[in-house]
Structure formats: C-alpha cells, structure tokens
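Structural features, examined
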Amino acid sequence: MNQYDVAVIGSGPGGYVAAIRCAQLGMKTAIIEKYATLGGTCLNVGCIPSKALLDSSHHYEDAVKHFEEHGIEIPGDVKVNLEQMIARKQGVVDQTTKGIEFLMDKNKIDVYHGVGSFKDATHINIAKEDGEETIEAKNTIIATGSKPSSLPFIEIDKERVITSTEALKLKEIPKHLIVIGGGVIGLELGQVYKRLGADVTVVEFMDRIIPGMDGALSKELTKVMKKQKVKFNLSHKVKSVERKGDEVIVKADDKKGEEVTIKGDYCLVSVGRKPYTDGLNADAAGVKLDDRGRVEVNEHLQTNVSNIYAIGDVVKGAMLAHKAEEEGTMVAEILAGQKPHIDYNLIPGVVYTWPEVAAVGKTEEQLKEEGVEYKSGQFPMRALGRARASMDIDGFVKILADKNTDEVLGIHMIGARCADLIAEGVTAMEFRASAEDISRMSHAHPTYAEAVKEAALAATDDRALHV
Ligand code: FAD
C-alpha cells in the first residue's frame, strides 16, 4: 500500500495548489481526481472556458458593432461559427488542464484518477477504471468542490433546461435564452449569448442583480446591460419551468404576486452552487458536514478529525477559485508547522461581463449596517482619456474610506479591465493604505487605473482633478 504525508481529494484550484505547496514543503503527496482531466470545475467547466467564450463573443460584438467607427471595414458579413468558437474554448481548456498534469509531474506528486472515499481517517479507497486501490495518508485535504444547484421543481434535462456546464458547449445560438438567477455565472453566460445574437431575459428573485455586491455596482451593471438589450425581470419568483418540444416556458410571480409567463428555447438555471461530497464517505472518517452539506472546518480549515482538512467550495465562504487557492496554500503551510493567515475581507470578487465589475472590502450597505462612519469618493470612467480612446466609457471607481482615519475600507469598480485593476485595491488594503496614500501615488497616463487615483482624490476632500 502506498503511503503519503498528504493525500488531496479533488484537483480543482484548491486541491492542485494545496498539493503543489505540500510538495514544495517536502511532503510526500498524492492527489486523487475522479475525472480524466485535472483542474476541477474552474479549469474544465468554470472560470477558464467561460472567459474563453466571453473573449470570443466580445471580439465578435466589436467586429459587428464597433469596427466601422474605428475605421475598420470588413467586406461581407461578419458571421459566428459557434462550432469553432466552442472548439477554441476546448483547446484552451485542454492546454490549461495539461499544464496541471505538468505541474504535478514537476513537483513529483502522485496522481490517481478515480473516486476517492474514506475507509477511515487515514485510509482512502480509490475506485479507478481498472479496479480499486487503497492508499494510506497521515493527513488528508478534502477539496471536492461544488456542483450547480437548482430549484426543487426544475428538471434539468441538459438539453434545453441547462446549467452552466451545458451552456459552455451549446450546438446552436439560442433564439431566446431565459436565465434564472442574476448572479455572476448567469450574467456572464447570458452576455455571451446576447452578443452572439440571442434575446436574453434574466429572471431574478431579489430586487437587484449581483445581490452580494455594492448596490451602486448592481445599478450600473443593470443600466449598461439594459443598453445592451438584456431584459431583466427582477423581484420575480420562478414557480415552474416546463419544456414543450423545443420550447421552454418559465412561470414566475412578480412582486405584486401576478403571474408572468416567459417563453424561450433555452433556459439556463444559474441559481448558485452547492458543496459536493457525494461518494466521499466522510462518515467513515468521522468528518462532520454542516446543515448546508459543507464540510465543517475551524479557522485553520481543520475538520473535527484532527488530521483531515477541507478547502475551497466544499467549505464555507465565497465560492471562488482564488479563495480556494489561498486556502490550499494555507493548509499546506499549517501542515508544515507554519502560521499562515487569510484575510477573507480581502478576497476580491469579480464579474467578467463587459464592463467588468470588481470589488474588495466592505460594501456601502455593510458599512451602514455595521454603523461605521465612512466617506465615499467616486470617479466616472468616461472622464478618462484612455476610456474615450477605446470607447469603453461606462462605469466608475468608488472608494469607501473611514471618515476619521481615512483607511480604505472598500473599493468597488465597474468598467473596462476592472478585473485586473482590483489588484491595486487589494494591495492597498492589504497594506492598510489610506485614501490619501492612493491619491498621492503616481498612476501612468493614460490608463484606466487613473480612475482609482481620482476616486481616492475624490474621497479625500473632494480633490478629483478631471471632473
Ligand atoms: P472544484 O474546482 O470544484 O474541484 C473539485 C474537484 O474534485 C473536481 O474536479 C471533482 O471532480 C473532484 N472530486 C469531487 N469528489 C471527488 C472524489 N470523491 N474523488 C475524487 N475527486 C473528486 N471562480 C473564480 O474565482 N473566477 C471565475 O471567473 C469563475 N468563473 C466560474 C464560471 C463558472 C461557469 C463556474 C461554474 C464557476 C466559476 N468560478 C469562478 C468558481 C470556481 O470554478 C470555483 O470556485 C472553484 O473551481 C472551486 O475550486 P475547488 O478546488 O474548491 O473545487
């Protein structure tokens, strides 16, 4: 029987990063993955393929809508070749998952393909295609991730009533895509198909989209996506989703309780994700799950069984790849006797629509609820030379700072390249910068990043220069 210092179950961004860090720290490490490819949800059916399709559809939209204004003429019609678009996406996925194989090999991590299930707290059975194998591990890291969740009355047939996984490989462009759920995944994939020519209707239970983010971001994104002709049915409670041949009929109650019927040819159910522990046999190791099916962990990500840890989507907290990665690193370093720490307040959240939406720290709503005295500085993207040069003028940067100390408490932005710009916000907050600190740093001109400096100037005595 093979023996390891650490066995990692699941090879998503949590699991593979944990395995690499364990190996770097000198631990004999195994990783167990039930699918043929490594990389988990993120690399196979999540972050990477969705960004590949967002980029392709963005190029198409630019070609159709904006090239002419830029003085670029294309003889004949610009057409979508969906098959090629999906094939390119798959190529990106394949390249990326092979990269993880390379990293496992480079770090001398043993890879087992099969379902890992606990026999007891130190033994894991692996059900492989060619038979069973048991390994022994002093420590185990559960990184089994999550799966799309649904509503109890919806039958996902994976053809017309679909989850994000199917939406990443459709064979045709929907005529009318109904998206249930105005969160990150629904909006990103809704925008992909909108750009490719589908009508898109978003049905959301709450009174705003991206409900966890600052209200100003929801408002601006709604405004911009409405301009892009996405329809929104907010405060709508979906009651039924019925498929009749090629038609999908969604019925919902609006906020007055009146029934609304929406007909489309595809319905994307994107109402969130749920932790995944099927087949893990956590009971056999004595590992406790909480009432929402997540593996219960303490602040060191340790389960109730001292040599078993859990990370990523399968534990509490934001379901984000970079959160899972930080947790993977943290557990590896704890196992090596170090004292790492994660500041969960500084895990950024990003929506990769265009304009992109990104945030770190507290929202204005949270600060109000917590009774914190704060001030706010906001700067519109349209006032930047760089934004006008590229015609990406939607959005703004908003900085929230403590009214008394000027410490930055939250940065919220929507606009071109905000997914990358937010890193400046994370760095500033990690070093506990004041708004004035940011306002006094030189930002290259002309860049979108100048909006961060200007918002900081606005937050400190209303000193923005270009509005
Ligand atoms: P996962 O990536 O879910 O990996 C878990 C792995 O464990 C899987 O490969 C699974 O097969 C394996 N497994 C499960 N049980 C067993 C078992 N018993 N034995 C062996 N293997 C097992 N996050 C971002 O930060 N940015 C984004 O842009 C982003 N975009 C997304 C887009 C979409 C469409 C989706 C669906 C998600 C997106 N996410 C994004 C979320 C991100 O994918 C997850 O937060 C991340 O993958 C979680 O990582 P993880 O390691 O916890 O689990």
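Residues numbered from 1 in each chain as written. Predicted model: local features only at pLDDT ≥ 70, side-chain atom pairs only at ≥ 80, totals over all residues.

1. Here we look at the site of the ligand
Around the ligand lies a shell of 38 residues, among which G10, G12, G40, G145 and G312 are the nearest. Only α1 (13-24), β2 (29-33), α2 (40-45), α3 (47-70), β4 (115-120) and α9 (321-335) provide two or more residues apiece to the shell around the ligand. Its residues assigned to classes, the shell around the ligand shows 17 nonpolar, 18 polar and 3 charged. (Near = placed C-beta within 6 Å. Helix = DSSP H or I, 4+ residues; strand = E, 2+ residues; numbered from the N terminus. Nonpolar A, V, L, I, M, F, W, Y, C, P; charged D, E, K, R; others polar.)

2. Remarks on the pairing of strand β5 (residues 123-128)
Bridging between β4 and β5 involves 5 bridges; their strand directions are antiparallel. Looking at the pairing, D120 lines up with H123 of β5. Pairing between β5 and strand β6 (residues 131-142): 6 bridges, direction antiparallel. Bridge pairing in β6 links H123 to E136. Between the end of β5 and the start of β6, which pair antiparallel, lie 2 residues. (Pairing = 2+ DSSP bridges.)

3. Looking at the environment of Y60
Mapped onto the fold, Y60 is located in helix α3. Overall, Y60 belongs to the partly exposed group, with 19 C-beta atoms counted inside 10 Å. For the pair Y60 and G145, spaced 85 residues apart in the sequence, the C-alpha separation amounts to 33 Å. Discounting residues that sit within four places of it in the chain, Y60 has contacts with V78, V80, R195 and L196. (Buried ≥ 20, exposed ≤ 12 C-beta atoms within 10 Å, placed from the backbone. Contact = placed C-beta atoms within 7 Å.)

4. Quick notes on α1
Under the 1.5 Å per step criterion, the end-to-end length of α1 is 16 Å for 12 residues, consistent within 8% with the ideal 16 Å. Judged by how many residues are buried, α1 sits mostly within the fold: 11 of 12 residues are covered. Of all the positions in α1, only P13, G14, G15, Y16, V17, A18, A19, I20, R21, C22 and A23 are classed as buried. In the segment just after α1, G26 is the residue with positive phi, at about 90 degrees. (Expected span 1.5 Å × (residues − 1).)

5. Remarks on the UniProt feature "domain: FAD/NAD(P)-binding" (unreviewed entry) in the protein
The residues that UniProt annotates with the feature "domain: FAD/NAD(P)-binding" (unreviewed entry) are residues 4-328. The span residues 4-328 is 33% helix and 27% strand, and its two end C-alpha atoms sit 17 Å from each other. (UniProt positions renumbered as here; feature names shortened; annotations may be inferred.)

6. Some thoughts on the domain arrangement of the protein
If you check the domain split of the protein, you get domain 1 (2-148 + 274-336), domain 2 (161-271) and domain 3 (349-461). The centre of domain 1, based on its C-alpha atoms, is set 31 Å off from the matching centre of domain 3. Each side of the interface is counted separately: domain 1 has 5 residues, and domain 3 has 4 residues. A class-by-class count of the residues in the side of domain 1 that touches domain 3 yields 2 nonpolar, 2 polar and 1 charged. (Domains from an automatic or database assignment.)

7. Overview of the confidence of the model for the protein
Per-residue confidence for the protein gives a mean pLDDT of 97; residues scoring 70 or more make up 100%. Scored as a complex, the prediction yields pTM 0.97 and ipTM 0.99. (pLDDT = per-residue confidence, 0-100.)

8. Some points on the sheet that holds strand β12 (residues 237-244)
Spatial strand order, β12-β13-β14: 3 strands in an open sheet with antiparallel pairing. Edge positions in the sheet fall to β12 and β14 (259-264), since each of these pairs with one other strand and no more. Neighbour to neighbour, the strand axes of the sheet diverge by 20 degrees on average, direction disregarded. Taken together, the 7 bridges between β12 and strand β13 (residues 247-253) define a ladder with antiparallel strand orientation. Along β13, the bridge assignment pairs V238 with A252. (Axes fitted to C-alpha atoms, helices over the stretch in contact; angles between N-to-C directions.)

9. A short note on the pairing of strand β10 (residues 199-203)
With 4 of its 5 residues buried, β10 lies for the most part within the structure. As paired strands, strand β9 (residues 176-180) and β10 are joined by 5 bridges and run parallel to one another. By the bridge assignment, I178 is partnered in β10 with T201. The handedness of the β9 to β10 crossover, carried by helix α6 (residues 184-195), is right-handed. Where β10 lies against strand β11 (residues 231-233), 3 bridges are found, and the strand directions are parallel. Within the sheet, the bridge partner assigned to V203 lies in β11 and is N233. On the question of chirality, the crossover connecting β10 to the parallel β11 by way of helix α7 (residues 215-227) is right-handed. (Right-handed = clockwise from strand over helix to strand, strands pointing away.)

10. Examining the sheet that holds strand β22 (residues 408-415)
Ordered by their spatial adjacency, 5 strands build an open sheet running β18-β19-β22-β21-β20, and the pairing between neighbours is antiparallel. A single partner strand is all that each edge strand has here, and the edge strands are β18 (349-351) and β20 (374-380). Taken pair by pair, the neighbouring strands of this sheet meet at an average axis angle of 10 degrees, ignoring direction. As paired strands, strand β19 (residues 356-361) and β22 are joined by 6 bridges and run antiparallel to one another. Bridging across to β22, V357 finds its partner in I414. Sheet contacts for helix α14 (residues 450-459): β20, β21 (396-402) and β22; angle to β20, the most-contacted strand, approximately 140 degrees.

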